[in-house]
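Chain residues, written in single-letter form:
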Amino acid sequence: MEASVILPILKKKLAFLSGGKDRRSGLILTIPLCLEQTNMDELSVTLDYLLSIPSEKCKARGFTVIVDGRKSQWNVVKTVVLMLQNVVPAEVSLVCVVKPDEFWDKKVTHFCFWKEKDRLGFEVILVSANKLTRYIEPCQLTEDFGGSLTYDHMDWLNKRLVFEKFTKESTSLLDELALINNGSDKGNQQEKERSVDLNFLPSVDPETVLQTGHELLSELQQRRFNGSDGGVSWSPMDDELLAQPQVMKLLDSLREQYTRYQEVCRQRSKRTQLEEIQQKVMQVVNWLEGPGSEQLRAQWGIGDSIRASQALQQKHEEIESQHSEWFAVYVELNQQIAALLNAGDEEDLVELKSLQQQLSDVCYRQASQLEFRQNLLQAALEFHGVAQDLSQQLDGLLGMLCVDVAPADGASIQQTLKLLEEKLKSVDVGLQGLREKGQGLLDQISNQASWAYGKDVTIENKENVDHIQGVMEDMQLRKQRCEDMVDVRRLKMLQMVQLFKCEEDAAQAVEWLSELLDALLKTHTRLGDDAQETKVLLEKHRKFVDVAQSTYDYGRQLLQATVVLCQSLRCTSRSSGDTLPRLNRVWKQFTIASEERVHRLEMAIAFHSNAEKILQDCPEEPEAINDEEQFDEVEAVGKSLLDRLTVPVVYPDGYAACSYNLCFYQ
């Protein structure tokens, strides 16, 4: 009996094997009765199917039947128990009737199952659901009876359907494969029978059946080792454990017969392929040696530009596309021949090897010619590409050289000079690359005659060689002209850099001189407290003036250099109208202020010297000085110095110096 035949009945879950076992290791058969009237015929069919699943060894341990009557009537329960006597009398060892609490007490007095044990053949007990664990371990009871054993009836039913379907299909397939294999063996002796077998194929795909079997076996084995894991829906039962060796045995038989079947198919395919291969080989050889070779003979040029080379390359790709179709046939034929050589008869080996060698020679020779032509065109395209890039670089360099240089400062000149050098270096690299590409292309052209099928290609090669050499010579001449112009431009730009540097340094000299003047007017104001200190200040001032003089001379020299550079560059110096007047004006101001500083310091020295002399003669009573003439002289010098100190230094442009401190002298 198959599950698919009684599938609607099995889906009702009138009875099931949960996989749980009693304390005697007997299987637990559960009959869950419901409020609706149970169809006894359907229940009987369900029990017959379930009891056909376990092995004889498992049946010998007996069954424990749990009749769940909590939702049913007493007469239905009694009918089910009595039915077990006819369905499974020998296999049932214990029947546990789960009753509702205090509902059947009066009913039971009319029918005592324990008195009928000898007639029934098994023991019947009435028990509440919460006391069922006295007879069966909780881990072997489903959740309906307070146990921890999980059971999914639909999942179990689906797996049974898969198992039975695989068993049926694999058994049928084994018979068909055996018939095909045996018929093929007879067909080797009788040609007529062999032709009939060629049209006979299995009704199902062996690969599909094998895959189904492997998936089923994997599922059964996984449940076996992981059945106690809380993540699975139900634990493995004896029917699953029993199904594993059955599936494995069927898979082994299927693999054996399928291997033989594949061998039979290979032999048949080999015999039919041999004649087809011979015909296809001759087609490939005839085309490659005929139209294919003629197409290559007509293509020799390399073009005189990128566009011409690309056009030739496109034409060659069309030729390659036509050859690719035949090369694909060659690859397929070569694989077929190799397969036949590995599994062919000895009488076919010589012919197959001869065909393979002939086909390989023609195809490799033609492929080499195509590759050589493609490499030649690619080299020509790269050569013309490098030549075009170099020409553009030379044009750009020439355009840069033809534009007059009018930079704003030395930094921009340096940047322009750097860019010019980089462009020239790039041209050198490009020309070197062009020479390398050209020489490589010439080497390839010199080898072109080696596969010319006897055709004289001297004229075509000479035109190509002349074109390549002409391009390289023209680029060399253009590069030489640009180098000469770059040398002239470099000298001019270096002079301009020097000019800007001189102008910047001259402006800096003016700034330094202005700072010295500012320091002279603002910080050099003291005249000293005595003659010695004043002399020291005068000496420092003279050194200070020497520094200013050097700065002024340095600025003058720089401005003279700018005049010379401007004459060389034939341009006007911006310094002549701005920096030189500023330098002269600041120097004039500094000279006036410096001379005034010297006069005041000299007067201060004279004043301190006379005053100190008078004080040394009469240190205790300066009022008793008798030398009126000497005193008058000191007083006159002091007043003159005071008068000079009260008047600020005024320059021609109106600049006024700060006043000196007069407190000391007053």
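Anything mentioned here points back to the structure above.
Heads up: these notes are all about the structure in this document. The structure displayed is predicted, hence computed values, not measured ones.

**Here we look at the overall build of the chain**
- The helix and strand inventory of the chain stands at 17 helices and five strands.
- Residue burial in the chain is summarised as follows: out of 666 residues, 42% are buried.
- In the chain, once contacts between residues fewer than 6 apart in sequence are set aside, the share between residues at least 24 apart is 81%.
- Accessible surface, the chain: about 36600 Å² in total, of which carbon and sulfur atoms supply 51%.

**A look at the pairing of strand β3 (residues 63-68)**
- Most of β3 is tucked away, with six of its six residues classed as buried.
- Across the two faces of β3 the burial is the same, with F63, V65 and V67 and T64, I66 and D68 all buried.
- In this structure, β3 lies alongside strand β4 (residues 92-98), joined through six bridges in parallel fashion. When the sheet's bridge partners are listed, V67 is paired in β4 with V97.

**Side note on the packing of aromatic side chains**
- Under the defined criterion, the tally for this structure stands at seven aromatic pairs.
- With a centroid separation of 6.3 Å and an interplanar angle of 25 degrees, the aromatic rings of Y258 and Y261 are classed as stacked. Here Y258 and its partner Y261 are both found in helix α10 (residues 238-297), three residues apart, which amounts to about one turn of the helix.
- Ring centres of F544 and F590 lie 5.8 Å apart, and the angle between their planes is 40 degrees; this geometry places the pair in the tilted category. Taken together, the residues span a long stretch of sequence, with F544 in helix α15 (residues 531-569) and F590 in helix α16 (residues 579-617) at a distance of 46 residues.

**Notes on the sheet that holds strand β5 (residues 123-127)**
- Ordered in space as β1-β2-β3-β4-β5, the five strands form an open sheet in which the pairing is mixed. What marks the edges here is a single partner per strand, and that holds for β1 (16-21) and β5. Sheet twist, expressed as the average angle between the axes of neighbouring strands with direction ignored, equals 25 degrees.
- Two elements, β1 and strand β2 (residues 27-32), share three bridges in a ladder whose sense is antiparallel. In the sheet register, L17 faces β2, and the bridge partner there is L29.
- In the packing of helix α2 (residues 40-51) onto the sheet, the strands contacted are β1, β2 and β3, and the crossing angle to β2 comes to about 165 degrees.

**Notes on unusual backbone geometry**
- For K13, which is not glycine, the phi torsion reads 55 degrees and is therefore positive.
- Relative to the elements of secondary structure, K13 occurs in the loop between α1 (7-11) and β1.
- Here K13 falls in the partly exposed class, since its relative accessible area comes to 27%.
- A positive phi angle, near 70 degrees, is found at S25, a position not held by glycine.
- Residue S25 is classed as partly exposed on the basis of its relative accessible area of 35%.

**Here's the deal with the packing of α2 against helix α4 (residues 74-87)**
- It is the contact of α2 with α4, at a shortest axis distance of 11 Å, that shows an interaxial angle of 45 degrees. With respect to their mutual orientation, α2 and α4 come out oblique. For the element pair α2 and α4, the recorded crossing hand is right-handed. Each of M40, L43, S44, L47, D48 and L51 in α2 lies in contact with α4, whose residues at this interface are V76, T79, V80, M83, L84 and V87.
- The residue makeup of the contact of α2 with α4, split by class, is nine nonpolar, two polar and one charged.

**A short note on the pattern of salt bridges**
- One pass over the structure, following the stated rule, counts 20 salt bridges.
- Among the ionic pairs, E137 bridges to R23, the shortest N-O distance being 3.3 Å. With a gap of 114 residues between them, E137 in the loop between β5 and α7 (153-187) and R23 in the loop between β1 and β2 connect regions that are remote in the sequence.
- Judged by relative accessible area, which is 36%, E137 ranks as partly exposed.
- Here R23 falls in the partly exposed class, since its relative accessible area comes to 47%.
- Between D68 and R70 there is a salt bridge whose closest N-O contact spans 2.9 Å.

Parameters and conventions
- Residues numbered from 1 in each chain as written.
- Predicted model: local features only at pLDDT ≥ 70, side-chain atom pairs only at ≥ 80, totals over all residues.
- Heavy atoms only, no water.
- Helix = DSSP H or I, 4+ residues; strand = E, 2+ residues; numbered from the N terminus.
- Buried < 20%, exposed > 50% of the residue type's maximum accessible area, 1.4 Å probe, protein only.
- Contact = heavy atoms within 4.5 Å.
- Areas by Shrake-Rupley, 256 points an atom, 1.4 Å probe, with all protein chains shown as cover.
- Pairing = 2+ DSSP bridges.
- Phe/Tyr/Trp six-rings, centres within 6.5 Å; stacked < 30°, edge-to-face > 60°.
- Axes fitted to C-alpha atoms, helices over the stretch in contact; angles between N-to-C directions.
- Parallel < 35°, antiparallel > 145°, perpendicular 65-115°, else oblique.
- Left-handed = near helix turned anticlockwise from the far one by under 90°.
- Nonpolar A, V, L, I, M, F, W, Y, C, P; charged D, E, K, R; others polar.
- Salt bridge = Lys/Arg side-chain N within 4 Å of Asp/Glu carboxyl O.

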